[in-house]
Amino acid sequence: MRLDDVDGLRIATFGDGPRVILAVHGITASLMAWAAVGRRVPQGWSLVAMDLRGRGHSAGLPGPYGLPRHAEDVLRVADHVGAGPEAVLTGHSMGAYVAALAAAGRDFARVVLVDGGLPLPLPDGVDPAQALAATLGPALARLSMTYATAEEYVAFFRAHPAFAGRWNDDAEAYVRYDLTGPAGALRSRVAPEAAREDGRWLLTEPGRIGAALESIKSPLSLLRAPRGLLDQETGMLPDALVAAWTARLPGLSDEVLPDCNHYTILFDERCASLVADRLTRP
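Residues numbered from 1 in each chain as written. Predicted model: local features only at pLDDT ≥ 70, side-chain atom pairs only at ≥ 80, totals over all residues. Heavy atoms only, no water.

### Things to note about the pattern of salt bridges
Close approach of charged atoms allows side chains of opposite charge to pair.
For step 1, the next point in the chain: Inspection of every chain in the model, using the stated rule, returns 18 salt bridges.
For step 2, the next point in the chain: A salt bridge links D7 to R76, with the nearest nitrogen and oxygen atoms 3.7 Å apart. Highlighted residues: D7 in the loop between β1 (2-6) and β2 (9-14) and R76 in helix α2 (residues 67-81), separated in sequence by 69 residues.
For step 3, the next point in the chain: A residue is classified by how much of its surface remains accessible, and R76, at 29% relative accessible area, is partly exposed.
For step 4, the next point in the chain: Note that D73 and R53 form a salt bridge whose closest N and O atoms lie 3.0 Å from each other. Taken as a pair, D73 in helix α2 and R53 in the loop between β4 (45-50) and α2 lie far apart in primary sequence, 20 residues in all.
For step 5, the next point in the chain: According to the relative accessible area criterion, D73 is buried, its value standing at 1%.
For step 6, the next point in the chain: Assessed through its relative accessible area of 5%, R53 is described here as buried. (Salt bridge = Lys/Arg side-chain N within 4 Å of Asp/Glu carboxyl O. Helix = DSSP H or I, 4+ residues; strand = E, 2+ residues; numbered from the N terminus. Buried < 20%, exposed > 50% of the residue type's maximum accessible area, 1.4 Å probe, protein only.)

So, in structure tokens, the structure goes:
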């Protein structure tokens, strides 16, 4: 892994091939979410992941946040690494929505959405703040907590339903990368206001996301995990929602990667290998 900075954005490059994959992480994640996939890209490829504004080692960059701002940052990184129209763009979870916005304004060889990217409209009468608390409440609570030791933070994640029985070195490296602060008062690097602002944008702008998807000229594909954020049986993107969007976007291909949940689709050895394979297929 090689590290660099682009106007304050931390980026990491896995591999040294001339063909480039640009990878965008989720709402409370970091570039390390892509490490397991990055190490598995074949010879001839490089995967470039970034810490989004307000996360990881880009946490000090100021707002405003919001997904369009992140899409601008992604394109800035693309220019910095020389990723032209032959590059592949991908994103996981919230990063898939960012990727869709970025691809609406620039052509890529392919755009691959990983367990995200399709609008999730609010039901009628549901307040965005309540919906945000319901969907991201535990994650947002974590951002305001402190931990006496790194081991305590690791233990917190190991007990997460998505990782229970599935813990590995990649998950641990991801968690340890996220820590900052003085001994005895360690905390996540994620800026809580960034996660809240991005979450509100995601929940209140389904029309802009849909318009972005319809504007993408590049080949577009979706990789889904059959299980959800808490390893529940219903995935992040249910079949009915995906069916509606594959009907609306005839060029959108859809594939469910078996035995993965929303997190392990990037961390589990088998799931990460499948993602790396799909990103680099001709």
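There's more to say after this.
### Section: the packing of α2 against helix α7 (residues 192-204)
Geometry of a packed helix pair, given as the angle between the helix axes and the separation of the axes.
For step 1, the next point in the chain: Closest axis-to-axis distance for the α2/α7 pair is 9 Å, and the angle between their directions is 105 degrees. As far as their axial angle goes, α7 and α2 are roughly perpendicular. Along the contact surface, α2 presents L67, P68 and H70, while α7 presents D198, W201 and L202.
For step 2, the next point in the chain: For the contact of α2 with α7, a count of residues per class yields 4 nonpolar, 1 polar and 1 charged. (Axes fitted to C-alpha atoms, helices over the stretch in contact; angles between N-to-C directions. Parallel < 35°, antiparallel > 145°, perpendicular 65-115°, else oblique. Contact = heavy atoms within 4.5 Å. Nonpolar A, V, L, I, M, F, W, Y, C, P; charged D, E, K, R; others polar.)

### What about the pairing of β1?
For step 1, the next point in the chain: Relative to β2, β1 runs antiparallel, the two sharing 5 bridges. From the neighbouring strand, R2 faces β2, where its bridge partner is T13.
For step 2, the next point in the chain: The hairpin turn running from β1 into β2, its antiparallel successor, is 2 residues long, and D7 in that turn takes a positive phi close to 50 degrees. (Pairing = 2+ DSSP bridges.)

### Observations regarding the environment of T204
For step 1, the next point in the chain: Its place among the elements puts T204 in helix α7.
For step 2, the next point in the chain: Overall, T204 belongs to the partly exposed group, its relative accessible area being 40%.
For step 3, the next point in the chain: Along the sequence, T204 and L136 sit 68 residues apart, while their C-alpha atoms lie 15 Å from each other.

### Things to note about the sheet that holds strand β3 (residues 19-24)
For step 1, the next point in the chain: In space, the 8 strands of this open sheet follow the order β1-β2-β4-β3-β5-β6-β9-β10, with mixed pairing throughout. A single partner strand is all that each edge strand has here, and the edge strands are β1 and β10 (253-256). On average, each strand axis in the sheet is inclined to that of its neighbour by 20 degrees, with strand direction left out of account.

### Concerning the packing of aromatic side chains
For step 1, the next point in the chain: Throughout the structure, instances matching the rule amount to 9 aromatic pairs.
For step 2, the next point in the chain: Measuring from ring centre to ring centre gives 5.9 Å for F156 and F157, while their planes differ by 75 degrees; the resulting arrangement is edge-to-face.
For step 3, the next point in the chain: Residue F156 is classed as partly exposed on the basis of its relative accessible area, which comes to 34%.
For step 4, the next point in the chain: With a centroid separation of 4.9 Å and an interplanar angle of 65 degrees, the aromatic rings of Y174 and F267 are classed as edge-to-face. Placement of Y174 in helix α6 (residues 169-177) and of F267 in helix α10 (residues 264-267) is noted, with a sequence separation of 93 residues between them.
For step 5, the next point in the chain: Its relative accessible area of 6% is what places Y174 among the buried residues.
For step 6, the next point in the chain: Through pairs of rings, three or more aromatic residues link up here, namely Y147, Y153, F156, F157, F163, W167, Y174, Y263 and F267. (Phe/Tyr/Trp six-rings, centres within 6.5 Å; stacked < 30°, edge-to-face > 60°.)

### Overview of the UniProt feature "domain: AB hydrolase-1" (unreviewed entry) in the protein
For step 1, the next point in the chain: In the numbering used here, UniProt assigns the feature "domain: AB hydrolase-1" (unreviewed entry) to residues 21-271.
For step 2, the next point in the chain: As annotated, residues 21-271 comprises 41% helix and 13% strand, and the C-alpha atoms at either end are separated by 18 Å. (UniProt positions renumbered as here; feature names shortened; annotations may be inferred.)

### Let's talk about the nonpolar core
For step 1, the next point in the chain: Grouped together as the largest cluster of nonpolar side chains are 55 residues, with contacts concentrated most on L22, L67, L89, F108, L118, L213 and L220.
For step 2, the next point in the chain: The leading source of residues in this core is helix α3 (residues 94-104), at 9 residues.
For step 3, the next point in the chain: Not counting residues within four places of it along the chain, the set of residues in contact with L118 comprises Y97, L213, L222, L237, L241, V242, W245 and L252.
For step 4, the next point in the chain: Core analysis: the next-biggest nonpolar cluster, separate from the first, contains 46 residues, Y153, A171, C271 and A272 among them. (Core = buried A, V, L, I, M, F, W, Y, C linked by side-chain atoms within 4.5 Å.)

### Let's talk about the side chain of R110
For step 1, the next point in the chain: Position of R110 relative to the elements: it lies in strand β6 (residues 110-114).
For step 2, the next point in the chain: One polar contact links the side chain of R110 to the main-chain carbonyl oxygen of L279, over a distance of 2.4 Å. (Polar contact = N/O pair within 3.5 Å; in protein donor to acceptor, adjacent residues only side chain to side chain.)

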